Structure formats: C-alpha cells, structure tokens
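This is what each chain is made of:
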There are 2 protein chains.
Amino acid sequence: MTYPNWLSQRSYLSGDRMALSFEQQQWTFSEINKIALDYASKLSTLGVKEHSRVAILAKSTPEFVFVLYGCMHLGCEMVMLNERLSSNELTYQLNDAEVAFILVADVLKIKVDDSRVVLFSEIEDVTSVQFQPQQQWAKDRTLSIMYTSGTTGHPKGVRQTAENHFSSAVSSALNIGIAPEDVWLCAVPLFHISGFSILMRSLIYGMGVRLYEKFDAERSAEEICDGSVTHMSVVGVTLERILTSVERGSMQASDRFKAVLAGGGPIPIAYMKRAEKCGIPVLQTYGMTETSSQTTTLQVTDAERKIGSAGKPLFLYEVKTEQPGEVGEILIRGPQVTPGYIGEFAERNVLQDGWLHTGDMGYIDNEGFLFVVDRRSDLIVSGGENVYPAEIEKVLLGHSAVREVGVCGALSEQWGEVPIAFVVLQDEVTVAELLVYCREQLAAYKVPKKVTIVESLPRNASNKLLRRELRTWL
Amino acid sequence: MTYPNWLSQRSYLSGDRMALSFEQQQWTFSEINKIALDYASKLSTLGVKEHSRVAILAKSTPEFVFVLYGCMHLGCEMVMLNERLSSNELTYQLNDAEVAFILVADVLKIKVDDSRVVLFSEIEDVTSVQFQPQQQWAKDRTLSIMYTSGTTGHPKGVRQTAENHFSSAVSSALNIGIAPEDVWLCAVPLFHISGFSILMRSLIYGMGVRLYEKFDAERSAEEICDGSVTHMSVVGVTLERILTSVERGSMQASDRFKAVLAGGGPIPIAYMKRAEKCGIPVLQTYGMTETSSQTTTLQVTDAERKIGSAGKPLFLYEVKTEQPGEVGEILIRGPQVTPGYIGEFAERNVLQDGWLHTGDMGYIDNEGFLFVVDRRSDLIVSGGENVYPAEIEKVLLGHSAVREVGVCGALSEQWGEVPIAFVVLQDEVTVAELLVYCREQLAAYKVPKKVTIVESLPRNASNKLLRRELRTWL
C-alpha cells in the first residue's frame, strides 16, 4: 500500500512543466525537485530523519515550499505552525507534538525561543551531499499535522496521511476537472489545509502554483483576468475584495479561468451575482482540517436555486445526518478523513461506526444538498481563520477577576466575522487590562474586538451557555 | 476499504449529465442508473446474487451496458466473453470460470448451447420489483474477468478489481486531464479491457460514452470533426482508416477533440504526421489485460523524438527492466495490476517481489522512456485483437497429421498483422483440411491466413522454436 514518491515521479513524468511561480521567479517540477533533494540532504546532515516530527514556521514564500518538499523527501511528519499564533499557543503545540526540530524562517525567529529551532538560513548554509530519496511512500504515512481547536477549546493536532491528501486531490479533480495547463493561485496560508492542499494537488496533478506571500486583491484580480491562473481558493471576504477590483477596473475573468473554490461558510447571493457578471465561477465548499479540505461542493449552476447550501459530496465521500431530512449532526465518511490526532488526544477515536462526527449541525434536502445550519462550537470564521469561542473563553476565564465569559461572532465588513466577548466579573478589572491579557496568550485575530461587562450570561435550563443568544445582544 | 457504489453516486452527483449515447438515443446518469436498478431487480428474481459469477456475451449495444451495470449493482463477478470466439473456446472459458449464469444477447444465442444461458429478452420479460443496491463496494471486489492466453497458449481468466479499474481511471485522468463535458467514443469491444475501461471511466469521471456497435471510420471521423466527442480509443489500423476519412473529406478535428488513445503497438511515424495535420493528438499507450488498460503513455510532443517508444508510466505506476538501461523483461508495479487469475490458474502468483512479470521484452532509455522490443510470446495484434501464436500452434498440433508447427505474424494492410502457420507433417493432409480443422476450434481472426508445409522449423540449440526467424521466411 504505497505511492511512488510524488516529487520524484512528477519530476520524471512532467519535469518541464511549471511547478511554482512567485513574483518574477518560477521553477519547473524538475528544478523544484532538485532543490527539494538539496534541502533534504542538508536537513539530513542536521540530523532530521525519516519519521522525524518537524515543525515548520514560515510565511508563504518559495523557501517554505522548498523546506516542505525537502521534508517530504526525507519522510518527516510536518507540524504546520500558524505564524499568527502567540508564543504561548506555539509553545503548547510544539510541546504537545514533541517535535524534534522547529524549522523557522529567519523573519519569524522572534516568534519562538526554543533550543530545537533551526533557521532557514542555517539549513541553507549546510554543505549538501548526495541524497537518495525514498522511492515509495506508505499510504498511511503522516505527511502533515495541523492544530485545530473545536468544541473543547483545546487545540488538537490532526494527522493527515498521504492517502488523505491523495484522495482529496483526486476527488476534487473528479469534481471540477483537471488539465495539464492548470495554475492555481495560492493566497491562502500554506500552513492551513486550504493552502497545503494546493501544493499536494500541484504534485499529484502536475499543476502549477502561483504563490502570493499575502493576499492581494488587485493582483489577484489582474491575474484572474489576464489568463495567467485558472483556479483560486478564497473565503467570502477575499472574494468580495477581488470582485471589487475586477469591477473597478471594468475587467472580465479570462476564458482560461475556471473557478474559485470558496470556503469558510456560504457566500452571500449578492457576491454570487457579482461574480457571475465578472465571469468568475464560484464553487462553494464545506470542509475542515479533519477532512483534508473540501468534502462537499456546490456547483455554480445550483448556487441560486440552493442559496446557503454547501452542495453535494465529492465522488469518494459520503455525508449524512443522524435522521435523514432533519437537522442533526453532520457525519462524514471517506478516505479523506483523518485517522486521528497526536499528543494529548492521540487516544481519541475520531470515527464512530466509521463516520466522522463533525460537531456541525445541518440537514440534507430532498435533492441531496447539504445545508450547514450551525458550525461546531459556534465557529467564527474571521478572514479565513477559524476562531473557536471556547478557546477565547478559556483564556479569559484564566484571569483572576473573571467569573464567567461568553464569546460569539459579530459581522465585520473587513473580516466577515470577528470575536466579541461578554464578561461577568468577580473582581475589578478594566476592559483594557483584559485585552492586554488576551493579547499575551492569543493570536491577534482571536483577541476579542470588543469586551462588554455584563451582569449575567444567557444559559439554558442545564446551565449551558447559549452563544447564539449572545449574538442577539450585539 | 470501500468505494461508494459508483452508479448510485454518479446518479446522485451528476444525474443530469449524459452517460451513454448510441445512434439517435441517449441516457443521462440518472436514467441509466434507473435502468440498471431495474435490470438488477430482474436478474435478482432470476437467481443472480451478490458474488455470483456471471458470463456476458453481447455486441456493443446499450442493452449490453444495462446488463453490465445491473450486474455491478448486484455485486456480480462478470466474465466478459469475446463474441468472436469459437464455441470450443467459449466452452473452455465458461467451464473454467464455473459461471452460474450466461447472459446472452438474443442475436448471439447460436454461439452457446448451455443450460446456464439466459437471453437478454428473457431478462427483460421478468417483472421488476423494488431493488436495494449495495451502498458500498469493497475495493478488492472482482468486477470483471477477462481471458487472455499468453505464453502457454492456455487462456487464463484475469481478475480485475474495483480498485484496479479505479486506479486506472484516475491515473489516466492525471495524465491526460478530464473535464465535465468530455465524451469518449467507444468503438472497441466492451468485452476487452480497452472498451470496458471506457465504461469505468464514464462512471468514475461522470463522462459521456458515445457507443458504436461496430467500428465505422467515416462516422468516427465526422464525430471527431464536428465536436461531438473529445476522446477515442484506437489501434493502428483503425487510426489509419479514420485519418483517410478525415483527409478525404478535407476535414479537421474539432477544437473540442482532445486525444486518441492508441494501443496495440507503436504507431508508424507516417500516421503520426498525418494525424498532426488532421489536428488529432495521438497518445500511444502500452498496457494489457493484467494491468487493466494503459500503463505507459507517450505524449504527442515526444512522439517524433522517441519513435517506437511506449512513453512513460502513469502517475501511480512504475515500470522497470531487470537490468537498468538494458533489454530485459518488462516489470510493472501499481494498483492497476490484477491480483491474479481464476479457475485452472487460480493458484498462480502474478507478482514476484511485488512486480508483474509481463513476459514482454524492452528497455528504458536514459530519459526514462520505455521501448517495447518484443511482445510476450511473439504476440500478434490483428485488428485490435491479441492473437497468441502458442494458442494456434496448440490447436494445429492436435491434428493427427501434424508433427510440428510454428505460427508468426505477417503484416496486413487491413488488420495490421495476421497469423501465418508453418507446418511439418507426419501424415498426409491438405492445407484446406487443416484450415477447416482450425475454424472449428478457433475464432475466425485466429485462423491462420496462410498455412505452409515445410520440412523443418527453425529452432535454437535448446530446440526452442524461433518464431522471429519464421518471419524472415515470409
């Protein structure tokens, strides 16, 4: 149960095709494979081995891709660190994952103070030697590990195997098609499944990746319209900004442009109509870290008829709710589903009777379209990042002056949603002090945009916090 | 380790898309799935069950597809019978496979006299009842069984699992791309892997199949040029006839047309140049029944530079020879390789150290291109059918007047190659009598086009027949 080494095979089969482009530079599969072998050799000299667990912390640059592909050649398990996390959060993940090395881009070295750190410049300085990559990859090999919080507020390290990523890429291809000349614009983080999965599709399809260090609405709009890219992954807010750029320039998407894949919740119908006028097909998707990216997709042709739907599953996947036709927990089955977690949650079974219990609530209509009614744990999606209320609540409850806390999402023009906190005090403290406290422990995008002191929080009969009720207080 | 039922899933996900077209009729995936469920219900009433081994004998008509899809819903193992075989040959396969039922198109009922026969009209006459198909298919489920002769002259029933077919379809997609609007023209037999694999791709991709009962050069040329099809499978002789039609009509392939997949040995460079002028991209492939269709493919762009090459493997596959760079037996590894045979050869291991030993000789050049030097057992490819010299020799040796026999292929304008026999006699017999004898026991296309009486046959030191030497006698 193996695959041929994806990097070696891609270099052998379509070595002359463009693999990666960044600003004015580009690399073919043959070139990027050579670079990856060189990185693998250097990392090997530094002591990184097959099955080493290695964390990577970097911005979306070619060097990040080189290190990542080097680690794939070596056979590492890569813990993908979110560069926006606070030092506390990073420390938790690094310890929970018990990584042997932390490979850090030089610009981010201030983020981690740890003896396991190896800077990218230190890797590059190593003299390279001949390196013989693995010919075969086990299907159940863990390629990547990504932390996600979920209901408990405890970040859990989700394993994604080679088979998870392969199934995901193949299922996506069977849904939207592939062609040798495809180029996917990647302006979503590589450390998220949204960006990481673009690299995996690149290797499996032999597809070019146009990489941006940061999202840039104007450049994205230009490249969608000048035909240099064929696909792009977006969330609602980034799509809206691209549409504004296209409209402002009175442009039209190139005929070569095939689709944007839109995650992070339903796209407003107003955006869909604007996108149609711009010639940009929008495929709305529903997926999560545990399903290695998209699990269902809503076709463009169904978007108006099925507003708010997340569509139908990809070919290899199944989706159901507990009671057919009724709102219930969304269950998912397929080869894209993680085999489990690492560290503290390593023993937890992710599957029950073969199905992933997502914690999200939804229903499937009589034509088989999935509607997600409520994301698990009242998930807030802020500028493409998942923010879990429970995680913020846990931090605020750690402050000695705080008795109770409830967090919910508030609509934001810029980010889609932002977190807002309601706090019941047991001692005196100012809102400013609470915010400083949060900033020490949370990534900036998780820090509540507003903290309101209240007398009590809405709770149900069994005293469970009603976060949806909180939203009506806004 | 399962797939969602391909028919149900395709009908659910893209029910409105065209699945099959034949002459003036066409069926969507939703329609064909309903028909298949109806056939499954009727077959079930007749006693066909999950895991039943069922032989099918039919011409390439929609009814053949309906029966085949009905059997897939039921979970049968389908023995695909070649309608051109003689009764003796069919009897051998039916007994070796120990089939429970023989489903025979009415026009072919004269071919088989057996109590297990059920005619298509008899299936249709059954009253249908509600039928609940399997939701899940085991990956290692045997979907199809096809007989192939090989070196010994003994036909062996090759098993092809769901995973074999799925891997083959996915690997082909990763090579040539797929798009929701693709339509594959199928004028190769459905009972061969070449045709059967088109149906499997149809279900897995959601792709339309344009089915012909018989190859028709003029209609193929028209449909390639009018944009109604995007792909077609051919062999050298059929390609040549299509090119002649396109040229005669001063036509050009439509921009929508993507590629012909050409099997059965290298395509002459003269054809490649004519195809280029006609706007028809030709992908030469190398594969066999044991590898569930293509294993390597030569890209159009490499065809002139690498004349005679079979190209490079598909993404999931590996190909090697015993000594790198030297001529040796071609070895193949990948998820498309059969797990083994049934019947008399059920115990034979097809893999040695994980590799299929093809019996074909070849080498891989320094850029990684495979060249097939000699097909196993001096395989003769006649009008797209594989003809094994050993099988014809065995039949002729059964005649009491024959002492020795050697069969080889001779070039034919119409068929590419045809079999020719050289015979050493021990008793008197006329060539006409020998031909009558052959016709009783062999499919018409296997009967030698010429029989020459000779004094002795060319043999090597260990007395092995030198079939290649025979060719120089022509």
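- The name an unreviewed UniProt entry gives chain A is 2-succinylbenzoate--CoA ligase, with Planococcus versutus as the organism.
- The annotation that UniProt attaches to chain A under Sequence similarities (unreviewed entry) is "Belongs to the ATP-dependent AMP-binding enzyme family. MenE subfamily."
- Check the Catalytic activity (unreviewed entry) section of the UniProt entry for chain A; it says "2-succinylbenzoate + ATP + CoA = 2-succinylbenzoyl-CoA + AMP + diphosphate".

## A closer look at the overall build of chain A
- Looking only at helices and strands, chain A has 13 helices and 27 strands in total.
- Computed over C-alpha atoms, the radius of gyration of chain A comes to 22 Å, within 12% of the 23 Å expected from 2.2 N^0.38 for 474 residues, which places it in the range of a compact globule.
- With the principal axes as the frame, chain A shows a C-alpha extent of 65 × 55 × 50 Å.
- Relative to its 474 residues, chain A shows a buried fraction of 61%.
- The long-range share in chain A, meaning contacts at least 24 apart out of those at least 6 apart in sequence, stands at 67%.
- Summed over all atoms, the accessible surface of chain A reaches about 18,800 Å², with 48% contributed by carbon and sulfur.
- Here chain A contributes 45 positively and 58 negatively charged side chains, and the mean placements of these two sets differ by 2 Å.

## Considerations on the environment of Val-104 of chain A
Residue and element names in this part refer to chain A.
- Among the structural elements, Val-104 can be located in strand E6 (residues 101-104).
- We classify Val-104 as buried; its relative accessible area is 1%.
- In this structure the C-alpha to C-alpha distance between Val-104 and Ser-128, which are 24 residues apart in sequence, comes to 19 Å.
- Val-104 has contacts with Leu-57, Lys-109, Val-117, Val-118, Leu-119 and Phe-120, leaving out every residue within four places of it along the chain.

## Observations concerning the sheet that holds E6 of chain A
Residue and element names in this part refer to chain A.
- Read across the open sheet, the 6 strands follow the order E7-E6-E4-E5-E9-E10; overall the sheet is mixed. Edge positions in the open sheet fall to strand E7 (117-119) and strand E10 (156-161), since each of these has one partner strand only. Here the average twist between neighbouring strands, direction ignored, is 30°.
- The pairing of strand E9 (residues 142-148) with E10 spans 6 bridges and is antiparallel. Opposite Ser-144, over in E10, you have Gln-160 as the bridge partner.

## Re the environment of Ser-293 of chain B
All names here are of chain B.
- Along the chain, Ser-293 turns up in strand E16 (residues 293-298).
- Between the C-alpha atoms of Ser-293 and Gly-263, which are 30 residues apart in sequence, the distance is 9.1 Å.
- Discounting chain neighbours no more than four positions away, the residues touching Ser-293 are Ser-168, Ile-193, Ser-197, Arg-201, Gly-287 and Met-288.

## What about the interface of chain A and chain B?
- Contact residues are listed per partner, giving 35 residues for chain A and 35 residues for chain B.
- Buried surface at the junction of chain A and chain B, both sides included, amounts to about 2,700 Å², of which 61% is carbon and sulfur.
- Summed over the three residues of chain A that lose the most area to chain B, namely Tyr-12, Leu-174 and Phe-315 of chain A, the buried surface amounts to 27% of that side.
- Between Lys-139 of chain A and Glu-163 of chain B there is a salt bridge, with its nearest N and O atoms 3.7 Å apart.
- Between chain A and chain B we count 13 residue pairs in polar contact (both at pLDDT 80 or more) in total.
- For the side of chain A that touches chain B, the elements supplying multiple residues, two or more each, are strand E1 (2-4), helix H1 (6-14), helix H6 (162-176), helix H7 (193-205) and strand E17 (309-313) of chain A.
- The element that contributes the greatest number of residues to the side of chain A that touches chain B is H6 of chain A, accounting for 7 residues.

## What about the pattern of salt bridges?
- For the structure shown, the criterion picks out 40 salt bridges over all chains.
- Residue Lys-42 of chain B pairs with Asp-38 of chain B through a salt bridge whose shortest N-O separation is 3.9 Å. With Lys-42 of chain B and Asp-38 of chain B both in helix H2 (residues 29-45) and 4 residues apart, the pair spans about one turn of that helix.
- Owing to a relative accessible area of 7%, Lys-42 of chain B belongs among the buried residues under this scheme.
- Among the charged side chains, a salt-bridge network with shared partners connects Asp-302, Arg-305, Lys-306, Asp-365 and Glu-367 of chain A.

Parameters at a glance
Residues numbered from 1 in each chain as written. Chains lettered and ligands numbered in written order. Predicted model: local features only at pLDDT ≥ 70, side-chain atom pairs only at ≥ 80, totals over all residues. Heavy atoms only, no water. UniProt positions renumbered as here; feature names shortened; annotations may be inferred. Helix = DSSP H or I, 4+ residues; strand = E, 2+ residues; numbered from the N terminus. Rg over C-alpha atoms; globule rule 2.2 N^0.38 Å. Buried < 20%, exposed > 50% of the residue type's maximum accessible area, 1.4 Å probe, protein only. Contact = heavy atoms within 4.5 Å. Areas by Shrake-Rupley, 256 points an atom, 1.4 Å probe, with all protein chains shown as cover. Lys, Arg positive; Asp, Glu negative; His and termini not counted. Charge placed at Lys NZ, Arg CZ, Asp CG, Glu CD. Pairing = 2+ DSSP bridges. Axes fitted to C-alpha atoms, helices over the stretch in contact; angles between N-to-C directions. Buried area = accessible area lost by both parts, 1.4 Å probe. Salt bridge = Lys/Arg side-chain N within 4 Å of Asp/Glu carboxyl O. Polar contact = N/O pair within 3.5 Å; in protein donor to acceptor, adjacent residues only side chain to side chain.

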